[in-house]
Amino acid sequence: MEKIKNVPEDLITGKDLDYLSDMFEWNYVAYKKVCNEIECISDKDIISVFDEATTLFDNNLNVVLNIINNPGGDIDE
């Protein structure tokens, strides 16, 4: 029977970092595209939706950055 290795909770593996990097890139590109297009729109309803989208993408970017800056989270032991 194999021993189960304990992995520290405050560790980000290379695979994790690649995934987080991809998530950040997807959200950053979407954020930039929406920000650039919002200037060309005059319909207030569409502008409202785009504003919500920029907020969503910005929040996602911050979540990824928080994970990278605090890999173990705020777990009290």
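Note that the coordinates shown come from a computational prediction; the quantities given were computed from them, not determined experimentally.

## Quick word on the overall build of the chain
Stage number 1. Across its full length, the chain carries two helices and zero strands.
Stage number 2. Sequence-distant contacts in the chain: of pairs separated by 6 or more residues, those separated by 24 or more amount to 66%.
Stage number 3. Carbon and sulfur atoms make up 53% of the accessible area of the chain, which amounts to about 6600 Å² in all.

## What about the packing of helix α1 (residues 14–38) against helix α2 (residues 44–69)?
The relative placement of two packed helices comes down to the angle between their axes together with the axis-to-axis distance.
Stage number 1. At a minimum axis separation of 9 Å, α1 and α2 run at an interaxial angle of 155°. Here α2 runs roughly antiparallel to α1, going by the angle between their axes. In this structure, the crossing between α1 and α2 has a hand that is left-handed.
Stage number 2. Taken together, the residues of the contact of α1 with α2 break down into 19 nonpolar, three polar and three charged.

## Examining α1
Each turn of an α-helix holds 3.6 residues, which means side chains three or four residues apart point in the same direction.
Stage number 1. For α1, built from 25 residues, the straight-helix expectation of 36 Å at 1.5 Å per residue is met to within 8% by its first-to-last C-alpha distance of 36 Å.
Stage number 2. Listed in full, the buried residues belonging to α1 are Leu20, Asn27, Ala30, Val34 and Ile38.

## Overview of the environment of Leu11
Stage number 1. Examined against the element boundaries, Leu11 turns out to sit in the segment before α1.
Stage number 2. As a C-alpha pair, Leu11 and Ile68 span 57 residues in sequence and 9.6 Å in three-dimensional space.

## Structural notes on α2
Stage number 1. Taking 1.5 Å of rise per residue, 26 residues should cover 38 Å, and α2 covers 37 Å from first to last C-alpha, within 8% of that figure.
Stage number 2. Of the residues making up α2, those classed as buried are Ala53, Thr54, Phe57, Leu61 and Val64.
Stage number 3. In this structure, the buried side of α2 is in contact with α1.

## Here we look at the side chain of Thr54
Stage number 1. Along the chain, the position of Thr54 falls in helix α2.
Stage number 2. Residue classification places Thr54 among the buried positions, given a relative accessible area of 13%.

Procedures and definitions
Residues numbered from 1 in each chain as written. Predicted model: local features only at pLDDT ≥ 70, side-chain atom pairs only at ≥ 80, totals over all residues. Heavy atoms only, no water. Helix = DSSP H or I, 4+ residues; strand = E, 2+ residues; numbered from the N terminus. Contact = heavy atoms within 4.5 Å. Areas by Shrake-Rupley, 256 points an atom, 1.4 Å probe, with all protein chains shown as cover. Axes fitted to C-alpha atoms, helices over the stretch in contact; angles between N-to-C directions. Parallel < 35°, antiparallel > 145°, perpendicular 65-115°, else oblique. Left-handed = near helix turned anticlockwise from the far one by under 90°. Nonpolar A, V, L, I, M, F, W, Y, C, P; charged D, E, K, R; others polar. Expected span 1.5 Å × (residues − 1). Buried < 20%, exposed > 50% of the residue type's maximum accessible area, 1.4 Å probe, protein only.

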